[in-house]
Amino acid sequence: MHKYAMNSAADFMPVDRLRNIQNQKFLKRFRYTYDNVKWYRDLLAKNGVDPNSIRSIDDIVKLPFIVKTDLRDTYPTGMLATSMENIVRFHASSGTTGKPIVVPYTREDLDVWSECVARCLTMFGIDETDVLQVGYGYGLFTGGLGLHDGGERRGCAVVPASGGNTARHLMFIRDLGVSAIACTPSYFLHVIDHAQKIGYDWKETKLRVGIFGAEPWTDGMRQFIEQETGIVAHDIYGLTEVSGPGVGGDCSCHAGIHIMEDHFYPEIIDPETLKPVPDGEEGELVFTTLDKTGMPLLRYRTRDITRIIPDQCACGRTIRRIGRISHRSDDMMIVRGVNVFPGQIESVLTGVDTGLVNYQVHLDTNDSGLATIEVKFEATPEMYATFTSEPEKRDLLAKVVSERLRQTVGIGFKATVVDQGGIPRSEGKMQRIVDHRKIDL
Ligand code: ADP
Ligand code: ZN
């Protein structure tokens, strides 16, 4: 038996059995949604889908997709599949890209969710002897309460610190013997910064695991975090619409994110043709919730871009993996007709200094009505060491970065060096892109 299998046997079940469970759950959830959600019946009718033609999970390809705007259009409870007396909680998506989406949860939904988070914690090597500090925001955002419930379910001692108050975070990590911390990766970078300023010694703490998610982060960030603090950093993935964090996580092999696919059935589609792509190929991640009773979603388009990793993981888990989420399709900036991804900018900056560079992208329109793109970044001491130690040579650094950006992306960039700490730090999700462009709707 796997050392940490305990409540996580489902991660290791034989593939045939897993497919069988998915098939049965899918048929049940399809019928449930069809019978209980008028909006869904109308959607199928509009798309000419006969519900009797859905006889196995292979027929899932006949179903239309549900998209974010459908959830906004039915705000707040147009997709509710049960009566309000069965609803025990609401959450809302953080609204990174517009009006929030409200999600109702039944008792069973919360149960499945906390099981998934607990299974992720097991996967991260966390058990009842651990003290888990939750640094995600508590409230409508699913991060705080999601990790909290999952941590309690795993038997950890949970410290509900929430986001912010960095000095107190560091104090509790030391004084309460915190062994695991969960927060956004960008907030943890801020915690590391603060620790450095006050001469905090990570070796004097028991912290050994970091659980980071809710926003994209890179292997470079992982290395930096692990080197600075001596902890092991794990990735946790999820989205409010299908429950919250814990839809998947990366095991100790760190080779992709295992999806709790006995609860959330994944597909990857080509976002242009909307056809499923073969395993291994990149596309948009689509989920079907197999157990949700409050607001079940069938073929929900996440907008997250990734791929299904075809082979089985060395850890022995049979639940499939997706590649880490590097970006979402709505992160893509179109500037003067060219597609620009934050990842491209990040790779240029880390090419100048292999450490981590805080940056923010500003999009604007100039007086001639032309779109402009500016990258503001903090000059690290290493950057100055490479180029010069004289601050007046900042211009040179900015020129080098803007030239490399132009070569990588193919359009002109403005690059501006700001002081250390000049890029606003976030207690939750980092806002990487600030769009000042006036859009005529
Ligand atoms: P919003 O869409 O308003 O940001 P959520 O708070 O539900 O709402 O965020 C879910 C989204 O956050 C996911 O669809 C994904 O884009 C991103 N996300 C969550 N976890 C990760 C992760 N581990 N890596 C990369 N992106 C993530
Ligand atoms: Zn694995």
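The preceding data block contains the structure.
Undergrad: What is the right way to read unusual backbone geometry from this model?
TA: For residues that are not glycine, phi is negative in most cases, and the peptide bond is trans in most cases. The peptide bond linking Tyr75 to Pro76 adopts the cis configuration, its omega dihedral lying at -5 degrees. When you line up the elements, Pro76 lands in the loop between helix 3 (68-73) and strand 1 (87-92). A positive phi is found at Arg299, a non-glycine position, where the angle reads about 55 degrees. Relative to the elements of secondary structure, Arg299 occurs in the loop between strand 11 (283-289) and strand 12 (300-306). Judged by its relative accessible area of 2%, Arg299 falls in the buried class. In this structure, Arg336 takes a positive phi of about 50 degrees despite not being glycine.

Undergrad: Teacher, can you tell me more about the layout of surface pockets here?
TA: Remark: the empty space left among the atoms is shown by a probe the size of a water molecule rolled over them. Approximately 490 Å³ is the volume attributed to the second largest pocket. Along the walls of the second largest pocket sit 23 residues, with Asp193, Phe224, Leu356, Thr380 and Gln420 positioned nearest its centre. Elements supplying a minimum of two residues to the lining of the second largest pocket: helix 7 (185-197), helix 8 (219-229), helix 9 (342-352) and helix 10 (381-387). No other element matches helix 7, which puts five residues into the lining of the second largest pocket. Among the residues forming the lining of the second largest pocket, the class breakdown is eight nonpolar, seven polar and eight charged.

Undergrad: Hey, could you run me through the pattern of salt bridges in this one?
TA: Between side chains of opposite charge, a pair can form when the charged atoms approach closely. The full count for this structure, using the stated rule, is 28 salt bridges. Put simply, Glu261 and Arg320 hold a salt bridge, and the shortest N to O gap is 2.9 Å. Remark: Arg320 occurs in the loop between strand 13 (308-309) and strand 14 (321-322) and Glu261 occurs in the loop between strand 9 (257-259) and strand 10 (264-269); sequence separation between them is 59 residues. Between Arg321 and Asp311 there is a salt bridge whose closest N-O contact spans 3.8 Å. Taken together, the positions of Arg321 in strand 14 and Asp311 in the loop between strand 13 and strand 14 put the pair 10 residues apart, joining distant regions of the chain.

About the cut-offs
- Residues numbered from 1 in each chain as written.
- Chains lettered and ligands numbered in written order.
- Predicted model: local features only at pLDDT ≥ 70, side-chain atom pairs only at ≥ 80, totals over all residues.
- Heavy atoms only, no water.
- Helix = DSSP H or I, 4+ residues; strand = E, 2+ residues; numbered from the N terminus.
- Buried < 20%, exposed > 50% of the residue type's maximum accessible area, 1.4 Å probe, protein only.
- 1 Å grid on protein atoms, 1.4 Å probe; cavity = no way out; pocket = protein on both sides within 12 Å on 5 of 7 lines; lining within 4 Å.
- Points joined across faces, edges and corners; volume = space filled by probe spheres on them.
- Nonpolar A, V, L, I, M, F, W, Y, C, P; charged D, E, K, R; others polar.
- Salt bridge = Lys/Arg side-chain N within 4 Å of Asp/Glu carboxyl O.

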